[in-house]
Amino acid sequence: MEQSPSAGPVQIVSITEDHKFVLDEKKLKQILFHKRALGKKISLVSIAGDFRKGKSFMLDFFLRYLRAKDHKDWIGREDEPLKGFDWRGGATRHTTGMIMWSEPFLLSLPTGEEIAVFLMDTQGTFDSNSTVFENAFIFALTLLVSSVTVYNIMHNLQEDNLQHLSFFAEYGVLAIDAYNTSPFQQLTFLVRDWQFEYETPYGFDGGEEVLSDRLRIRENQHHDLALVRSRLKQCFRKVNCFLMPHPGLKVTNRRDFDGRLLDIEQDFKKQLLTLVPELFNMENGNFLKEINGEMITSTDLFEYFKSYCTVFAS
Ligand code: GDP
Ligand code: MG
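Cut-offs used in this document
Residues numbered from 1 in each chain as written. Chains lettered and ligands numbered in written order. Predicted model: local features only at pLDDT ≥ 70, side-chain atom pairs only at ≥ 80, totals over all residues. Heavy atoms only, no water. Helix = DSSP H or I, 4+ residues; strand = E, 2+ residues; numbered from the N terminus. Rg over C-alpha atoms; globule rule 2.2 N^0.38 Å. Buried < 20%, exposed > 50% of the residue type's maximum accessible area, 1.4 Å probe, protein only. Contact = heavy atoms within 4.5 Å. Areas by Shrake-Rupley, 256 points an atom, 1.4 Å probe, with all protein chains shown as cover. Near = heavy atom within 4 Å. Polar contact = N/O pair within 3.5 Å; in protein donor to acceptor, adjacent residues only side chain to side chain. Nonpolar A, V, L, I, M, F, W, Y, C, P; charged D, E, K, R; others polar. Core = buried A, V, L, I, M, F, W, Y, C linked by side-chain atoms within 4.5 Å. Pairing = 2+ DSSP bridges. Disulfide = S-S within 2.5 Å. pLDDT = per-residue confidence, 0-100. Salt bridge = Lys/Arg side-chain N within 4 Å of Asp/Glu carboxyl O.

## Considerations on the overall build of the chain
So, step 1. Helices and strands together make up the secondary structure of the chain, namely 9 helices and 11 strands.
So, step 2. Taken over C-alpha atoms, the radius of gyration comes to 19 Å for the chain, in line with the 20 Å a tight globule of 314 residues would show.
So, step 3. Taking all 314 residues of the chain together, 54% fall into the buried category.
So, step 4. Taking the intrachain contacts of the chain between residues at least 6 apart in sequence as the baseline, contacts between residues at least 24 apart amount to 77%.
So, step 5. Accessible surface for the chain amounts to roughly 14500 Å². Of this, 49% is attributable to carbon and sulfur atoms.

## Side note on the environment of Leu190
So, step 1. With respect to the helices, strands and loops of the structure, Leu190 is situated in strand 8 (residues 184–192).
So, step 2. Residue Leu190 is classed as buried on the basis of its relative accessible area of 0%.
So, step 3. Taking the C-alpha atoms as reference points, Leu190 and Glu25, 165 residues apart in sequence, are found 30 Å from one another.
So, step 4. Sequence-distant contacts of Leu190, that is, excluding residues within four places in its chain, are made with Met58, Val150, Tyr151, Asn152, Ile153, Phe242, Met244 and Leu275.

## What about the site of ligand 1?
So, step 1. What surrounds ligand 1 is a group of 19 residues, the closest being Arg52, Ser56, Phe57, Trp87 and Asp193.
So, step 2. The separation between an oxygen atom of ligand 1 and a polar side-chain atom of Lys55 is 2.9 Å.
So, step 3. Separating an oxygen atom of ligand 1 from a side-chain N or O atom of Ser56 is a distance of 2.9 Å.
So, step 4. Summarising the interface, the protein chains cover 91% of the accessible area of ligand 1, which totals 590 Å² for the free molecule.
So, step 5. Elements that contribute at least two residues to the shell around ligand 1 include exactly helix 2 (55–67) and helix 7 (249–253).
So, step 6. Here the residues of the shell around ligand 1 sort into 7 nonpolar, 5 polar and 7 charged.

## Looking at the nonpolar core
So, step 1. Membership of the largest hydrophobic core comes to 62 residues, with the highest contact counts inside it found for Ile12, Leu141, Phe189 and Phe305.
So, step 2. When residues of this core are assigned to their parent elements, the largest contribution, 9 residues, is made by helix 3 (residues 132–145).
So, step 3. When neighbours within four sequence positions are excluded, Leu141 is seen to be in contact with Val13, Met98, Phe305, Tyr308, Cys309 and Phe312.
So, step 4. Counting residues in hydrophobic clusters, the runner-up holds 44 residues, among them Phe57, Phe62, Phe204 and Met282.

## A look at the pairing of strand 3 (residues 42–49)
So, step 1. Burial analysis of strand 3 places 8 of its 8 residues in the buried class, the great majority of the element.
So, step 2. Examined bridge by bridge, strand 3 and strand 6 (residues 114–123) share 6 bridges and lie parallel to one another. By the bridge assignment, Leu44 is partnered in strand 6 with Phe118.
So, step 3. As defined by bridge partners, strand 3 adjoins strand 7 (residues 148–154) across 5 bridges and the pair is classed as parallel. If you follow Ile47 over to strand 7, its bridge partner there is Val150.

## Regarding the state of the cysteines
So, step 1. What the rule picks out here adds up to 0 disulfides.
So, step 2. Cys241 provides the cysteine sulfur closest to Cys235, a residue in no disulfide bond, and the two sulfurs are 18 Å apart.
So, step 3. Residue Cys235 is classed as buried on the basis of its relative accessible area, which comes to 2%.
So, step 4. With a relative accessible area of 0%, Cys241 lands in the buried category.

## Looking at the side chain of Asn156
So, step 1. Looking at the secondary structure, you find Asn156 in the loop between strand 7 and helix 4 (159–173).
So, step 2. By relative accessible area, which is 15% here, Asn156 ends up buried.
So, step 3. Within the local environment of Asn156, its side chain forms a polar contact with the side chain of Arg214, the two groups lying 2.9 Å apart.
So, step 4. If we skip the residues at most four places from it in the chain, Asn156 touches Asn161, Val191, Trp194, Phe196, Val210 and Arg214.

## Notes on the confidence of the model for the chain
Detailed reading of the predicted coordinates is not advisable wherever pLDDT is low.
So, step 1. Confidence along the chain averages 90 in pLDDT terms, with 94% of residues attaining 70 or more.
So, step 2. Confidence, read as mean pLDDT per element, is least for helix 6 (residues 223–235) in the chain (84) and greatest for helix 1 (residues 25–32) (98).
So, step 3. On the interface metric, ipTM, the complex scores 0.99, and its pTM is 0.95.

## Notes on the pattern of salt bridges
So, step 1. In the structure shown here, the tally under the stated rule is 15 salt bridges.
So, step 2. Linking Arg231 and Glu170 is a salt bridge whose minimum nitrogen-to-oxygen distance equals 2.5 Å. A residue pair is termed long-range when its members are at least 10 positions apart, and Arg231 in helix 6 and Glu170 in helix 4 qualify at 61 residues.
So, step 3. One salt bridge connects Asp258 with Arg260, and the closest N-O pair in it is separated by 2.8 Å.
So, step 4. In this structure Asp258 comes out as buried when scored by relative accessible area, which is 18%.

## Points about unusual backbone geometry
So, step 1. Not every positive phi belongs to a glycine, and Arg52 is a case in point at roughly 60°.
So, step 2. Judged by relative accessible area, which is 48%, Arg52 ranks as partly exposed.
So, step 3. The phi dihedral of His155 falls on the positive side, at around 70°, and the residue is not glycine.
So, step 4. Following the sequence through the fold, His155 ends up in the loop between strand 7 and helix 4.

Here it is, written out as structure tokens:
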């Protein structure tokens, strides 16, 4: 949708060798002050989680959806390589930090009002080279600035995922002066390579089963776990979960795989067709970015971004 040919991923936050983080204000400003977004309500959809678990690959399908003129036929041609955020990167990781798509996308509300959607990738959480601090910083900042955060996890939703999330949320709350609503909007657990489809089906329905099981506060449960669960309920306005199938062996094993649909398992494509439109569903009350209960614009977000970074740096 009227993207310029030079549109692409831009690193806006990086972490230096000596573990300091740097916000590239100039680049962030270029993105958030894009003329297409000025004065409009905004949405920021992000993905976070462990390294090399298909996050950027997934984001490139979000890009396809946002670029498509017709949202019924967005997934693309069978033989088209998947491009956008860099999703392979060989054996070494990319630069740690946060990467935003250089231009916003416009979507129209049923009223005809246009809103601007920004996409963000993160790099570096949880891999062995990152410190706990780096992870917490990237994740917490992501939660603060996004309206919808996709937490990408492999195989299953486990206790330590909940504990990490709770820790990141606590850390993020420190950057907020005062709040009278839930500090964060939507968190979507995206479970990749779900293997128990015979018990719990793919998609949001299966995800709901897994999530309600994991979030249930049981009698005799250790006090810390009960606390984590109740904190998550206080911190997020909406938490949901989607179970995604394995994309097939061509995706994971073939060196020359370029992302074309032809090489991806049917089940995976079928679930993409459910997941992606739902993440960008404008009837979802958490799609538009709010801070402290107020809708904000992209230029407001720029100021918040800077002030959160200042708080974390001190
Ligand atoms: P990121 O570091 O999380 O951004 O991971 P990438 O998107 O760069 O993908 C890393 C590798 O995982 C690539 O070789 C992809 O082909 C592969 N991949 C993509 N999606 C999936 C998935 O759903 N399951 C598995 N097992 N691998 C995937
Ligand atoms: Mg990546």
